[in-house]
Amino acid sequence: MRKKIASIALGVGVAILTTSVSPVARAVPRLLSVTQQKNVECCQPELLGLDEQIWGENGQAGDWRSLLRSIDHSLKYIQSPAAARAYRKYPIKGITRDRVWRSLVRFRQLVVKSRTPAELQAAVRREFDFYQSSGRNGRGEVLFTAYYEPIYLASRVPTAEFRYPLYRLPPNFDKFQRLTRWQLEGKDGLSGSKNRLRGLEIVWLRDRLEALLVQIQGSARLLLPDGKMITLGYAGKTAHPYVSLGKELAKDGKLPLSGLTLPVMIDYFRRHPEELSNYIPRVRGFVFFRETHGAPATGSLGVPVTAERSIATDKSLMPPGALALMQTALPFASNFGQLEYRNVSRYVLDQDTGSAIKGAGRVDYFMGTGQHAGDRAGVTGSRGNLYYLLLKQ
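Residues numbered from 1 in each chain as written. Predicted model: local features only at pLDDT ≥ 70, side-chain atom pairs only at ≥ 80, totals over all residues. Heavy atoms only, no water.

With an unreviewed UniProt entry as reference, the chain is termed peptidoglycan lytic exotransglycosylase, source organism Scytonema millei VB511283. A UniProt comment under Catalytic activity (unreviewed entry) is attached to the chain, and it reads "Exolytic cleavage of the (1->4)-beta-glycosidic linkage between N-acetylmuramic acid (MurNAc) and N-acetylglucosamine (GlcNAc) residues in peptidoglycan, from either the reducing or the non-reducing ends of the peptidoglycan chains, with concomitant formation of a 1,6-anhydrobond in the MurNAc residue." (UniProt positions renumbered as here; feature names shortened; annotations may be inferred.)

Okay, here's the thing in structure tokens:
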């Protein structure tokens, strides 16, 4: 049983809860059947901190090694000058760089020492304070979405098949900040190589929507015709705010907002390819890339993100690199080829951000790389709670 000892609203996004105790195909998300377990409500207090994925669940192997690597990535960041600067400005009393460091070190020790989810849960509840995000409504409700690293076919040279480029960061990037997508690549997505972006092409993709999805996800693995795989990572973005393509379709009455997922949106454009030139230019922001030479996808803190162990939040509010705990429902593959939602309590590391992730009520969860990760990420959209875990003072 969890006992709330204190609940202090802190204004900038979290509240503290001190507790005691007596989760090569073209990686385009597919339109799969999704079922929801409606008989179980999210965020039962007794499940808080009971992370069964660490040691394996539902026939899947545990990912404790991945969790330890993700902790190590955060520890590396916390030692950096960037972390020192970030925490000097962090506004919440009690959340300091040193405390975050000590909390990561101790949690790592507990993961190594514990043998069961219940044993780890008990130790965490005994030794850590829980700082809860104030959420979207001031009462802790957080919307969880997910992102992933796609795998697409690509070419180093333009051909009749591969026509849509991805670009490296311009050397005079400051002159590009106010330019819109339309100004950079035209209505059809093919004009960039004829003007300002000429010579900045890294690769060409077969599909305009795939090129946009790489920009939305921020990284990709690309399979060339000779079988070589190259990797791209985020390098920079123009100053325009994020625009949701799905919400634009809903606004125009093309798709209902209820149940509008990434696979549903992709299916619409597969059936109506002529609409791409009408809607993609509405996404005014434009993302540039760099080759990462096989490195894993990297978050905004400059360290790799780990499948199902890294999250992206608004870094103007949330403590960078810190240990967090999310309670929500996530989609998993069932035995019948469907995706079904299951409630999870998951330890994660806050290692990334995104242009669409604003405020205390938004979290983006990194699903991983490839088709299955894309299928799951494409339908993730559920509410829950987010906590930051710090050793008791």
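Below, the discussion takes up the overall build of the chain. Counting secondary structure elements, the chain contains 10 helices and 18 strands. The burial tally for the chain puts 55% of its 393 residues in the buried class. Summed over all atoms, the accessible surface of the chain reaches about 17,500 Å², with 51% contributed by carbon and sulfur. (Helix = DSSP H or I, 4+ residues; strand = E, 2+ residues; numbered from the N terminus. Buried < 20%, exposed > 50% of the residue type's maximum accessible area, 1.4 Å probe, protein only. Areas by Shrake-Rupley, 256 points an atom, 1.4 Å probe, with all protein chains shown as cover.)

Turning our attention to the pairing of strand β11 (residues 219-223). With 5 of 5 residues buried, β11 lies mostly within the body of the structure. Here β11 shows a buried face lined by Ser-219, Arg-221 and Leu-223 and a second buried face lined by Ala-220 and Leu-222. Where strand β8 (residues 151-155) and β11 come together, 3 bridges link them in parallel fashion. Paired with Tyr-152 across the two strands is Leu-222, which belongs to β11. Pairing of β11 with strand β12 (residues 229-237) involves 5 bridges; the strand directions are antiparallel. (Pairing = 2+ DSSP bridges.)

Now for the pairing of β12. Counting the residues in the hairpin turn of β11 and β12 gives 5 residues, including Gly-227, whose phi is positive at 90°. With 5 bridges joining them, β12 and strand β13 (residues 287-291) adopt antiparallel strand pairing. Within β13, the position partnered with Gly-233 by the bridge is Arg-290.

Let us now look at the side chain of Arg-346. Summarising the element assignment, Arg-346 is placed in strand β16 (residues 339-352). Engagement of the side chain of Arg-346 in a polar contact is seen with the side chain of Asp-51, the distance being 3.3 Å. Within polar-contact distance, the side chain of Arg-346 engages the side chain of Tyr-365 at 3.5 Å. (Polar contact = N/O pair within 3.5 Å; in protein donor to acceptor, adjacent residues only side chain to side chain.)

Here we come to the side chain of Ser-70. For Ser-70, the location among the structural elements is in helix α1 (residues 64-78). Beyond its immediate chain neighbours, meaning those up to four positions away, Ser-70 contacts Thr-306, Arg-309, Ser-310, Leu-349 and Gln-351. (Contact = heavy atoms within 4.5 Å.)

Another point: the packing of helix α3 (residues 97-113) against helix α4 (residues 117-127). Contact geometry of α3 with α4 gives a least axis separation of 9 Å together with a crossing angle of 155°. Comparing their axes, α4 and α3 come out roughly antiparallel. Crossing of α3 over α4 shows right-handed handedness. Packed against α3, whose contacting residues are Arg-106, Phe-107, Leu-110, Val-111 and Lys-113, the element α4 presents Glu-119, Leu-120, Ala-123, Val-124 and Glu-127 at the interface. Here the residues of the contact of α3 with α4 are counted per class, giving 6 nonpolar, no polar and 4 charged. (Axes fitted to C-alpha atoms, helices over the stretch in contact; angles between N-to-C directions. Parallel < 35°, antiparallel > 145°, perpendicular 65-115°, else oblique. Left-handed = near helix turned anticlockwise from the far one by under 90°. Nonpolar A, V, L, I, M, F, W, Y, C, P; charged D, E, K, R; others polar.)

All right, on to the packing of α1 against α3 then. Closest axis-to-axis distance for the α1/α3 pair is 10 Å, and the angle between their directions is 160°. By the angle between their directions, the pair α1 and α3 is classed as roughly antiparallel. Regarding α1 and α3, the two cross each other, and that crossing is left-handed. Between α1, through Leu-67, Leu-68, Ile-71, Asp-72, Ser-74, Leu-75 and Ile-78, and α3, the contact on the second element is made entirely by Arg-97, Val-100, Trp-101, Leu-104, Val-105, Phe-107, Arg-108, Val-111 and Val-112. Each residue belonging to the contact of α1 with α3 can be placed in one class, and the counts come to 12 nonpolar, 1 polar and 3 charged.

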